[in-house]
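Here is what each chain is made of, one letter per residue.
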2 protein chains.
Amino acid sequence: MDYQFSDRVLALKPNAIREILKSASDPEVISLSAGNPAPDAFPVEAISEISARILRDNPIGVLQYGVSEGYNPLRDTLKTYLKEKHNIGSEDDELIIVSGAQQVMDIAAKTFLNEGDVLVCEAPSFVGSLNTFRSYNAELVGVPVQPDGMDMDALEKVLDENPRAKMIYTIPNFQNPSGVTMSLEKRKRLYELAKAHGCMIIEDNPYGDLRYYGEDVPSIKSWDTEGIVIYSGSFSKVISPGIRVGFMVAPKAAMAKMIICKQGQDVHTTMWSQMICNEYMTKYDFEGHLSFLRKLYTQKADLCMQLLDEYVVPNGITYNKIQGGLFIWCDLPEDVDMLDFCKKLTERKVCVVPGNAFLTDSDLPCHSFRINFSTPTDKDLTEGIKEIGKLAKEIIG
Amino acid sequence: MDYQFSDRVLALKPNAIREILKSASDPEVISLSAGNPAPDAFPVEAISEISARILRDNPIGVLQYGVSEGYNPLRDTLKTYLKEKHNIGSEDDELIIVSGAQQVMDIAAKTFLNEGDVLVCEAPSFVGSLNTFRSYNAELVGVPVQPDGMDMDALEKVLDENPRAKMIYTIPNFQNPSGVTMSLEKRKRLYELAKAHGCMIIEDNPYGDLRYYGEDVPSIKSWDTEGIVIYSGSFSKVISPGIRVGFMVAPKAAMAKMIICKQGQDVHTTMWSQMICNEYMTKYDFEGHLSFLRKLYTQKADLCMQLLDEYVVPNGITYNKIQGGLFIWCDLPEDVDMLDFCKKLTERKVCVVPGNAFLTDSDLPCHSFRINFSTPTDKDLTEGIKEIGKLAKEIIG
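Computed from a predicted structure; not experimentally measured.

Asks: Sorry if this is basic, but what is going on with the interface of chain B and chain A here?
Replies: At the junction of the two partners, chain B supplies 81 residues and chain A supplies 81 residues. Counting the surface lost from both chain B and chain A, the interface buries some 6800 Å², and carbon and sulfur atoms represent 56% of this. At the boundary of chain B and chain A, one finds two salt bridges. Viewed at the interface, chain A and chain B are joined by 47 residue pairs in polar contact (both at pLDDT 80 or more). For the side of chain B that touches chain A, the secondary-structure elements that each account for two or more residues are helix H1 (7-10), helix H2 (16-23), helix H3 (44-57), helix H4 (59-63), helix H6 (102-112), helix H10 (252-266) and helix H11 (271-283) of chain B. Broken down by element, the residue count for the side of chain B that touches chain A peaks at nine residues, all from H10 of chain B. For the side of chain B that touches chain A, the class distribution of residues is 37 nonpolar, 29 polar and 15 charged.

This is the structure:
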């Protein structure tokens, strides 16, 4: 049969990173391309304990259908936690549980974007989210990222020029892939620009708890008096990605439609996973675990940047210092063919993600690539970055 | 803010059943409105054992990211199982794991239906699926259900009259809500009609293993030489719905796009849940568990139909005898106001689902309601049905 696909999926391509991850599963390859937590980052013992307990004390709760909005004890725990820790969530907001933050992007796009509506995002931005926005035939317009976040003058121009701009998607903390953190001043200006142009904001914050240097910057959602911010959070980087639990905070008036979309996708999120998160947050030392993760990753981030400074920067590649998160963005000189560089690296069994994967149009010129330091062992990280340096020396030097 | 929703969600309403379930959570109410497995249907001990084992032997596998297509051992197990047991799956097919069968409906609709395309379904049909199709602005056209399945002459007429018909959605076994099983002859004719009209078929089979009387009828997918059938299966009724695991078998050429949609929704299905299913299918007596479930539900179906025959039928309500599944469809005389009947029942603390919830347009005339016999205790089932009989006597008799 000659399949007639819907218009919205005609141009869809698989998420480049997840495809690269498949090839990076070759055990001989040093993968700096993932975005996975470190294998020793999981609270395995606590999860085993909780799992045994909930299956003993409340097996029907674990195994029976739940409600689409999510497991109520977890919703209550998160509401209190977000309010106390980040001043997120007002009387007019609602919080629901989703099957990983990716689902926030899907249901927000589905609920608000007609085909041809414009979604404005950082350029570069997280390809998984961009692919989801594309799958509703939204038009993506990228705004360049500066060392303190999105270029606000460029954003204003984009909003002025695009009357169909309906949403601004941002990852304000330790952005994936650029590693950049948006300044408070820019967050405030972003909010004002969105308000003035009648735009919603999706504030995607999967890495917020993973700050290694400097001070926390308040969340945009924390001053959302207009009800224009959809806040997305996730347990993927702080408990486990395999359990697929995220959450969203959004104005009640907008949430009702989004819950219906969530219901239509998977009815509700896995009960076991939701209960694990709630028990872990309420009966274990969640803050202590976050400190442990920050320590673990600070050591890795330190190592990664030291190695880059020693082996890579002297050979002509630059990078942005990061304050947190899992990624570092490296820039090749403009006269070097980035795709060719990444391909040659792969031949030498080191895998990074070509930067064009993160652009609104992967055919745009790009001289950057992304490396991840959370997943590889220190040994692999060292060998991998040395190899990048060696190749840079041959090609650039 | 005055939220501007996308066209596709403007008319969306919450799944009526899931809303009714919320009110039916009042412990004083006898709920015959759910579609939940019986609380004693879950293999709790085995799941606890497996959970402890996988978290001990393979914690990283449980907690780390997985691939969007699903946990490969489970995919292999299911491919072999479906081929051997039901002759489902050819060289040209692929099988992926989804987060409950609901997700099959979402990604199939997203992949194949443009706004305004026509999806043909049984009338009545499962409201959860219909809502998902609606969420892509598909036009739903219902075909009446006869005691041996969809009226094929009516289907042919609908297909002739609707050149934009692109999909036929059917639940051939123990259909939800009508309880009807489609005959082999009709399955064959359905396939030929779809083929002749260039339509895809979604064969939704969540209840197939729950046959209590009569002989299995082959799956439409088992003779799908043209690659036009998307087969949807689920563990919700045979292991647990709270774990959210389903699967789909579809032609490879169509699957690639659907995997991208799955990836965009939730990256992948909860690893723990997938491993539970695989371990249970391969290391425990899965067939024995299915036999146990059939025995459990046969007893409940028997009781339900006996009670209906004794207390309800003599008072003017008719129903379709069923061969399996979880539901029985009851018809009131045409001069009785069905919604009023259901409302009065609720006041008497018995909850059923008004039949119009299952129609392509809930404003169409409807004189039926759905009762479920799998979830209530025998005592509640008895009291609930007696109450239906009493009310019928007052109103009809």
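The rest of the description comes next.
Asks: What should I look at first to understand helix H14 (residues 378-395) of chain A in this one?
Replies: Along an α-helix, residues three or four apart share an orientation, since each turn contains 3.6 residues. With 18 residues, H14 of chain A should cover 26 Å at 1.5 Å per step; its first-to-last C-alpha distance of 26 Å lies within 8% of that length. On its buried face, H14 of chain A sits against strand E1 (30-31), helix H12 (286-312), helix H13 (338-347), strand E12 (350-351) and strand E14 (368-372) of chain A.

Asks: Any chance you could explain the nonpolar core here in plain terms?
Replies: As a rule of thumb, soluble globular proteins bury nonpolar side chains together. Judged by nonpolar contacts, the single largest core of 220 residues is most densely connected at Phe235 and Ile371 of chain A together with Phe235 and Ile371 of chain B. What Phe235 of chain A contacts, discounting residues up to four positions off in sequence, is Leu74, Leu78, Ser240, Val245, Phe247, Cys277, Met281 and Phe286 of chain A.

Asks: Would you explain the relation of the copies chain B and chain A in this entry?
Replies: Note: a rotation about an axis with an accompanying shift along it relates these two copies of the chain. You can overlay chain B on chain A at an RMSD of 0.0 Å; the transform is a turn of 180 degrees with a shift of 0.0 Å along its axis. On the angle and the small slide along the axis, the relation comes out as a two-fold axis. Mapped onto chain A, 100% of the interface residues of chain B again fall at the interface, so both copies present the same surface.

Asks: Please explain the sheet that holds strand E13 (residues 353-354) of chain B as it appears in this structure.
Replies: Hydrogen bonds along the backbone pair up the strands of a sheet, which may run parallel or antiparallel. Residues and elements named next belong to chain B. Taken together, four strands build an open sheet; the order of strands is E10-E11-E14-E13 and the sheet is antiparallel. Lying at the two open borders of the sheet, with one neighbouring strand each, are strand E10 (318-319) and E13. Where E10 lies against strand E11 (residues 327-331), two bridges are found, and the strand directions are antiparallel. From the neighbouring strand, Tyr319 faces E11, where its bridge partner is Cys330. Contacts from helix H12 (residues 286-312) reach E10, E11 and strand E14 (368-372) within the one sheet, and its direction differs from that of E11 by about 15 degrees.

Asks: Explain the pairing of strand E2 (residues 93-98) of chain B to me, please; I cannot follow it from the model alone.
Replies: Residues in a regular strand point their side chains to alternate faces of the sheet. All names here are of chain B. A large share of E2 lies buried, amounting to six of its six residues. Both faces of E2 are covered, namely the face carrying Asp93, Leu95 and Ile97 and the face carrying Glu94, Ile96 and Val98. Of the pairings in the sheet, the one linking E2 to strand E9 (residues 246-251) comprises six bridges and is antiparallel in character. By the bridge assignment for E9, Val98 is matched with Gly246.

Asks: Teacher, can you tell me more about the packing of aromatic side chains here?
Replies: To describe a pair of aromatic rings, one takes the distance between the centres and the angle between the planes. The tally for this structure, following the rule as stated, stands at 29 aromatic pairs over all chains. Between Tyr3 of chain A and Phe5 of chain A, the aromatic rings sit 6.4 Å apart at their centres with planes inclined by 35 degrees, giving tilted as the arrangement. Between Phe341 of chain A and Phe369 of chain A, the ring centres sit 5.7 Å apart and the planes meet at 20 degrees, which makes this aromatic pair stacked. Taken together, the residues span a long stretch of sequence, with Phe341 of chain A in helix H13 and Phe369 of chain A in strand E14 at a distance of 28 residues. Both residues of the pair, Phe341 of chain A and Phe369 of chain A, count as buried. Aromatic ring contacts, followed pair by pair, group Tyr81, Tyr280, Tyr284 and Phe286 of chain A into a single cluster. Directly above the ring of Phe5 of chain B sits Lys257 of chain A, whose terminal nitrogen or CZ lies 6.0 Å from the centroid. Over the ring of Trp223 of chain B we find Lys188 of chain B; its NZ or CZ atom is 5.4 Å from the centre of that ring.

Asks: Whenever I open this one, the sheet that holds strand E10 (residues 318-319) of chain A confuses me. Can you help?
Replies: All names here are of chain A. In space, the four strands of this open sheet follow the order E10-E11-E14-E13, with antiparallel pairing throughout. Here the strands that pair on one side only, and so sit at the sheet edges, are E10 and strand E13 (353-354). With two bridges connecting them, E13 and E14 associate as antiparallel partners. What sits directly across from Val353, in E14, is Arg370.

Thresholds, definitions, all that
Residues numbered from 1 in each chain as written. Chains lettered and ligands numbered in written order. Predicted model: local features only at pLDDT ≥ 70, side-chain atom pairs only at ≥ 80, totals over all residues. Heavy atoms only, no water. Contact = heavy atoms within 4.5 Å. Buried area = accessible area lost by both parts, 1.4 Å probe. Salt bridge = Lys/Arg side-chain N within 4 Å of Asp/Glu carboxyl O. Polar contact = N/O pair within 3.5 Å; in protein donor to acceptor, adjacent residues only side chain to side chain. Helix = DSSP H or I, 4+ residues; strand = E, 2+ residues; numbered from the N terminus. Nonpolar A, V, L, I, M, F, W, Y, C, P; charged D, E, K, R; others polar. Expected span 1.5 Å × (residues − 1). Core = buried A, V, L, I, M, F, W, Y, C linked by side-chain atoms within 4.5 Å. Buried < 20%, exposed > 50% of the residue type's maximum accessible area, 1.4 Å probe, protein only. Least-squares fit on C-alpha atoms with pLDDT ≥ 70 in both. Pairing = 2+ DSSP bridges. Axes fitted to C-alpha atoms, helices over the stretch in contact; angles between N-to-C directions. Phe/Tyr/Trp six-rings, centres within 6.5 Å; stacked < 30°, edge-to-face > 60°. Lys NZ or Arg CZ within 6 Å of the ring centre and 35° of its normal.

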